[in-house]
Amino acid sequence: MSTADHDRLRDVLAAVALGAATPEETAEVERHADSCPVCREELDGLRAATATLAAAVPQVDPPRRLRSRVMAAVREEPPRAAARRRRRPGFLTPRVVWPAAAAVATAAALAFLGWSLALRGGQPPVHTVELTGQAGVRGELLVTGDRDAAVVRLRNLPRLARGRGWELWVVRGTTPVSGGFMTGTGPGRASVATADLSGATALAVTPEPRTNTRGPTGRMVVVVPLGRRG
Amino acid sequence: MVSRAEDPRRLADEDLLALVAGGDERAFAVLYDRHARAAYSLAFRLLGDRQAAEDLTQDAFLAVWRMASSYSTARGSVRTWLLAIVHNRGIDRLRTAAAQVRRQEALEREELRAGAAPDAADVAIGRAEAEEVRSALGGLPAEQLQVLQLAYYGGFTHQEISSMLEVPLGTVKSRMHLGLTRIRRTLTASGVAEA
C-alpha cells in the first residue's frame, strides 16, 4: 500500500470508528489496519472514544420481561459445538513477570508460543504477542516483521496519581531508552506506538512521572524479551 | 480453572464470557444483569421506541451468546464490545427505509441543534464515569459535537452529514477526527488507569 493510500485511509478512521463511513471504506480500513500497527492503534483509540458517546445517553431501566425473553431465547439456541473452551490453569491468577529471571523466561516462552503471522497485501508481516504482566496486567505487542514499528497495548492497568503515566522503554543490551508515554484508550487501558526497534532486546513498561525521560524508576508492569531478529 | 460451582457473580466480565463461550447460562445471566441497562439505554437512544429498543437489546445479547468465543480483549472491554454490537445493529435499523421518517423528525427535533452536550445529571452512570463523560463531551466545540451526534446517534454517514449541513465532506471528516481525538485525550488526561 502506498503512502498516499495510507494517508487517505487515516482521513477516514474517525468515520469508521463512528460507523459513519461507507461499507467499502470500512472494509478497506479494517484490511489496512490489520497490517499497519499505527492505524490499528489509532482506530482502536478512536473506537474507545466512541464508547464515551455510548455511555453519555440517559440511562433507562429495561423492562423486567426483557430478561426472561433473552434467557428464553438463549435456551432455544442450538447446543454448543463440542469445542468448549477450557481455560488453562492459572488463567485467573495474577502472574508476576518482574523482576525474577525465571519470570522473564516465562514471558519469553509466552512470546514464542504467541507469535502469529498475518501476511496481507504485500505489507510487512505483523506479529502479535500476548502479554501477561504483573498483578493481572495483560495486553499484547504488535510488531512488524521488519521491526520498523511496534504497538504495545495493555489493559487492567492500576490507577496512577495525577502527573504520572505509563512509560515504554526500549531496551538495547542493558540500556533502556524512553519510547514515550502510553495513551489511554479506556479505563485501565493504554497503548503506545513506537518506531525503530533495531537492536532492541526487550520492551518494558513502568509507571513514571510525566516529566521523566532519563530512565525507568518504577517497577515494571510488563517486560517483553524480543530475542534475536531473524 | 473456572469451575461451574464458582459463583459467577464474583468473576470479571472477560472470565464470564469465556464461560458463556462454553454454553454457561448462569454466566450469561450475570453479564445480562451487569450490562442490560447500558445496552437498552443506548438502543432506546438510537431508536426512540421502547419495543424496538427491547428487540435490539435482545438481538445484541443473543449475538454475545453466539459470538462469545470470537471476542478479543484487544478491541476493548466486554461492555464496550456489547455496546458496539448494539450500535452497529442499531444504525443498520436506522438506515432502513421505514426509519427514515423517524430519523428526519429526530433530526429536526434535536440533533441539528448543535452543541447540546448531554446533561450529565441525566446520565445515571457511576459518578466518576459521569464526570468523565461530562468533561469529555462538554469541552468539545459545538460543530464537532454536532457531527459526532449526527453520526453516532443519528446513524448518518459522513456524506449525508455533509449534505445536510452543507459543509464539504473533508470538513465533516476533519470534525469527526478532531472531536474523537479530543475525547480520547480527555480520557487519557483523566487517568489511563481508572479501573
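Shown above is the structure to which this text applies.
Read on for a plain summary of the structure. (Residues numbered from 1 in each chain as written. Chains lettered and ligands numbered in written order. Predicted model: local features only at pLDDT ≥ 70, side-chain atom pairs only at ≥ 80, totals over all residues. Heavy atoms only, no water.)

Some thoughts on the overall build of chain B
Now for step 1: A tally of regular secondary structure across chain B gives nine helices and zero strands.
Now for step 2: Secondary structure of chain B in N-to-C order comes out as α-α-α-α-α-α-α-α-α.
Now for step 3: By the burial criterion, 54% of the 195 residues in chain B qualify as buried.
Now for step 4: Taking contacts inside chain B between residues at least 6 apart in sequence as the whole, the part at least 24 apart equals 59%.
Now for step 5: By element, 50% of the accessible surface of chain B is carried by carbon and sulfur atoms, the whole surface being about 8400 Å². (Helix = DSSP H or I, 4+ residues; strand = E, 2+ residues; numbered from the N terminus. Buried < 20%, exposed > 50% of the residue type's maximum accessible area, 1.4 Å probe, protein only. Contact = heavy atoms within 4.5 Å. Areas by Shrake-Rupley, 256 points an atom, 1.4 Å probe, with all protein chains shown as cover.)

Quick look at the environment of Gly 155 of chain B
Residue and element names in this part refer to chain B.
Now for step 1: By the secondary structure assignment, Gly 155 is in the loop between α7 (142-152) and α8 (158-165).
Now for step 2: Among the residues examined, Gly 155 registers a relative accessible area of 0% and is labelled buried.
Now for step 3: Between the alpha carbons of Gly 155 and Ile 91 there is a distance of 5.0 Å; along the sequence they are 64 residues apart.

Regarding helix α4 (residues 78-94) of chain B
Now for step 1: With 17 residues, α4 of chain B ought to run about 24 Å at 1.5 Å a step, and its terminal C-alpha atoms sit 24 Å apart, in line with that.
Now for step 2: Listing the buried residues of α4 of chain B in full gives Val 78, Trp 81, Leu 82, Leu 83, Ile 85, Val 86, His 87, Gly 90, Ile 91 and Leu 94 of chain B. (Expected span 1.5 Å × (residues − 1).)

Observations concerning the pattern of salt bridges
Now for step 1: In total, this model carries 23 salt bridges over all chains according to the counting rule given.
Now for step 2: Among the salt bridges present, the one from Arg 9 of chain B reaches Asp 7 of chain B, with a minimum N-O distance of 3.2 Å.
Now for step 3: Owing to a relative accessible area of 61%, Arg 9 of chain B belongs among the exposed residues under this scheme.
Now for step 4: Asp 59 of chain B serves as the salt-bridge partner of Arg 93 of chain B, at 2.1 Å between the closest nitrogen and oxygen. You can see Arg 93 of chain B sitting in helix α4 and its partner Asp 59 of chain B sitting in helix α3 (residues 50-67), a full 34 residues away along the chain.
Now for step 5: Relative accessible area serves as the criterion here: at 26%, Arg 93 of chain B is assigned to the partly exposed category.
Now for step 6: Residues joined in a network through salt bridges with shared partners are Glu 30, Asp 34, Arg 40, Asp 44, Arg 47, Glu 140 and Arg 153 of chain A. (Salt bridge = Lys/Arg side-chain N within 4 Å of Asp/Glu carboxyl O.)

By themselves, these figures tell us nothing about what the structure is for.
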